[in-house]
Structures are given as structure tokens and as C-alpha cells.
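# Close look at the chain arrangement
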Amino acid sequence: MSVTDNQMNQKYEKLKDILRGMGKVVVAFSGGVDSAFLLKAALEELGSDNVLAITADSETYPAREKEEAIVLARSLGAPHEVIPTSELNIPGYAENPTNRCYFCKNSLFDHLIPIAEAKGYPYVVFGAIADDLGEHRPGLQAAHERGVRAPLLEAGILKSEIRHMSRLFGLKTWDKPSFACLSSRIPYGELITAEKLSMIDRAEDFIMQLGFRQVRVRQHDNLARIEVPAADLAALLPIAETVHAKLREIGYAYVTLDLKGYRSGSLNEVLPAEQQAVQAAVSASGQ
């Protein structure tokens, strides 16, 4: 359903009310569409003296994303810190269970909450949005348990609305492709290793350098399954040999192109329906 400008304005006013009630916030800042919009709104409403953006730098976070986050925070005038983290050192994470994101977010909050407390920020916030409800998002459960707030979700703001308002506000992230951590390219139950994450990162980076903005390289053992938007499938075929050769060099034995095209969370498609229903209920209770 389309949303009118008036409805968006009402949601944005609600977002400002939520932030104003918090007073001072630490923003978990990845540099993506949602966290960038949240940071911009927090700075506008609370001022830079009351906002601290923190970016977690780990094996699952590509260097290109970190550099973009640093540049973006600087352009917004936001106080910004980059802290080292390691998901692979989290007990249970590397085994890649279906609630892997719970471990990741819980560990992130383990780092952010003490920093917020030490620096006098009463709230930690992150960029979950209304679209996340009803999807497989274990990170919402971790946030609920730790008292971490999701102002965009609380205001009922959707991704399409964030992109629209980001464009109006002059945020260059308004049309940035969606991003998820590199671990999301590995099927549940398959061990996550630093070597696999490096292979995925190098493969995606190479394909992006060829001009594709939205890319996923899903790793199935020694097979790379490439996802690009359906509209870009035809553009990849003429350079298939080049891509195949590079990914073989990186270490893949087989390279395939997913004919359905890119879609967010495609590895969740194999989860049992009942598990997705349970996750949806957990997400809804975490508001």
C-alpha cells in the first residue's frame, strides 16, 4: 500500500518525539540506509553533543562499508567511533545456527551498552524498521532483552519511506543497495570461518567493480551462487567467463548464477514455516 506524504510526516514527527524523549543516544551505525537515516534524525533532533555513532569493525563487515561509514558520519557532523569486534569469537556463532543474528546483536550490545553508560548516554538505538516485523530477525529479540531501542520501528517507518525521506534530506544513502553481514551468505548449519568470509568479500567486491551495485555471493561449500537483481541478469552473462575465472582464482570450484535473481534473505527460504512463524511472534513482542 502506498503511503501519503502526510502519513510519512506523521511518522517522522513520531520519530522525533521518541528521540526527544530519550535525550541522548548511542547509535549503532553501519552506514547503511536505515542507520544513516536514524543518525541524521537523531542529530537533527538532539544535536551532535547528545549523539554518538559507533561502528563495529569485524570479520563480517567489508572494509569498503567501514570506510563509507566513516566518511558519512564525518559529512553529517556526527561524533563517531569505530570499535573492533569479532563475531567468530562469540560462542555458538561460528556454528551458524538459524538464530545466528541473535548472537551477533547480543555481542554488539555487549560492546555498546558499557560505552553508553560510561559516557553518559542513557539509550542505545539501532536501525530496525517496520519491515523487519514478521521476518526472520533474531536480532530483535536480543535488542528487546537488552533494552536497546529501535526508534524507526517504534515509529512504524518502512524502508520505502526511509529511502524517500533520505532523498528529501539529501542523504546519499537514499538509493544505497541493502546490505547484510557476510555471514548471511553461508547456509545455516555450515561452519563460518574467516577464510570463507574473505572469499565471499573478495568475490562480491570483484563483481561490484564490474558495475553491479547489488550483489550476493552465497557460498555452498565450494560452490558460489551469484545473486544480482533480475534486471541485471542479462548484463552478467556476456562477462560470465571473466567472473568464473576470477571466482575460481579466489577458491571456488563451481560458479553459478541464480536465475531468480537477488532477494533479501534467500537462505531463509529453506527454514520451516513454523520456525518463521515463531520468529515473527518473537519479533512482534519485542517492540
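Calculation rules
- All residue numbers refer to positions counted from 1 along the written sequence of the respective chain.
- This being a predicted model, a pLDDT of at least 70 is required before a residue's local features are given, and a value of 80 or more before pairs of side-chain atoms are given or counted; all residues contribute to the totals for chains, interfaces and linings.
- For side-chain calculations, the full set of non-hydrogen atoms in the structure is used, while hydrogens and water are omitted.
- Helix and strand assignments come from DSSP, with helices taken as H or I runs of at least 4 residues and strands as E runs of at least 2, each series counted from the N terminus.
- For a compact globule the rule gives 2.2 Å times the number of residues to the power 0.38, and the radius of gyration it is set against comes from C-alpha atoms.
- Residue exposure (1.4 Å probe, protein chains only): buried if accessible area is under 20% of the type maximum, exposed if over 50%, otherwise partly exposed.
- Whether two residues touch is decided by their heavy atoms; if any such pair falls within 4.5 Å, the residues are in contact.
- Values of accessible area rely on a 1.4 Å probe in the Shrake-Rupley scheme; residue burial ignores everything except the protein chains shown.
- Positive charges come from Lys and Arg alone, negative charges from Asp and Glu alone, with His and the N- and C-terminal ends not counted.
- A charge is said to be at NZ when it belongs to Lys, at CZ for Arg, at CG for Asp and at CD for Glu.
- What marks off one domain from the next here is an automatic or database domain assignment.
- For this document, the term salt bridge refers to a Lys or Arg side-chain nitrogen within 4 Å of an Asp or Glu carboxyl oxygen.
- Any two strands are treated as partners once DSSP identifies two or more bridges connecting them.
- Every angle, taken between N-to-C directions, lies between 0 and 180 degrees, and every axis is a line fitted to C-alpha atoms, over only the stretch in contact when it is a helix.
- Each Phe, Tyr or Trp ring (for Trp, its six-membered ring) is paired with any other whose centre lies within 6.5 Å, and the angle between the two planes then decides the class: stacked below 30 degrees, edge-to-face above 60, tilted in between.

Where an unreviewed UniProt entry is consulted, the protein appears under the name ATP-dependent sacrificial sulfur transferase LarE, with the organism given as Paenibacillus validus.

### Thoughts on the overall build of the protein
Scanning the protein from terminus to terminus reveals eleven helices and seven strands. In terms of overall size, the protein behaves like a compact globule, its C-alpha atoms giving a radius of gyration of 19 Å where 287 residues would be expected to give roughly 19 Å. With the principal axes as the frame, the protein shows a C-alpha extent of 55 × 40 × 40 Å. Within the protein, buried positions represent 47% of all 287 residues. Of the contacts made within the protein by residues no fewer than 6 positions apart, 75% connect residues no fewer than 24 positions apart. In the form shown here, the protein has an accessible surface area of approximately 13,200 Å², with 53% of it arising from carbon and sulfur atoms. Mean positive and mean negative side-chain charge positions of the protein (31 and 37 charges, respectively) differ by 2 Å.

### Quick word on the domain arrangement of the protein
When cut into domains, the protein gives domain 1 (3-169) and domain 2 (182-284). Centre-to-centre separation of domain 1 and domain 2, based on C-alpha positions: 24 Å.

### Concerning the pattern of salt bridges
This model, assessed by the stated rule, comprises 23 salt bridges. One salt bridge in this structure joins Asp57 and Lys66, with 3.3 Å as the shortest N-O distance. For Asp57, a relative accessible area of 24% gives the class partly exposed. Here the salt bridges share partners, and the residues they tie into one network are Arg64, Arg185, Asp201, Glu204 and Asp205.

### Digging into the sheet that holds strand 4 (residues 123-125)
Read from one edge to the other, the open sheet built from four strands follows the order 3-2-1-4, with strand pairing classed as parallel. A strand with exactly one partner marks an edge of an open sheet, and here the two such strands are strand 3 (80-84) and strand 4. On average, each strand axis in the sheet is inclined to that of its neighbour by 25°, with strand direction left out of account. Bridge count for strand 2 (residues 51-57) against strand 3 is five bridges, and the pairing is parallel. Its bridge partner being in strand 3, Ile54 is matched across the sheet by Glu81. Where helix 3 (residues 63-76) meets the sheet, its contacts fall on strand 2 and strand 3, and the angle it forms with strand 3 comes to roughly 160°. Contacting strand 1 (25-28), strand 2, strand 3 and strand 4, helix 4 (residues 100-119) crosses the sheet at an angle of about 135° to strand 3.

### As for the packing of aromatic side chains
Under the definition given, this model contains five aromatic pairs. The interplanar angle of 55° and the centroid separation of 6.1 Å between the aromatic rings of Tyr12 and Phe37 together place this pair among those described as tilted. With Tyr12 in helix 1 (residues 5-22) and Phe37 in helix 2 (residues 33-46), this residue pair connects regions lying 25 residues apart in the sequence. With respect to burial, Tyr12 and Phe37 carry one shared label: buried.

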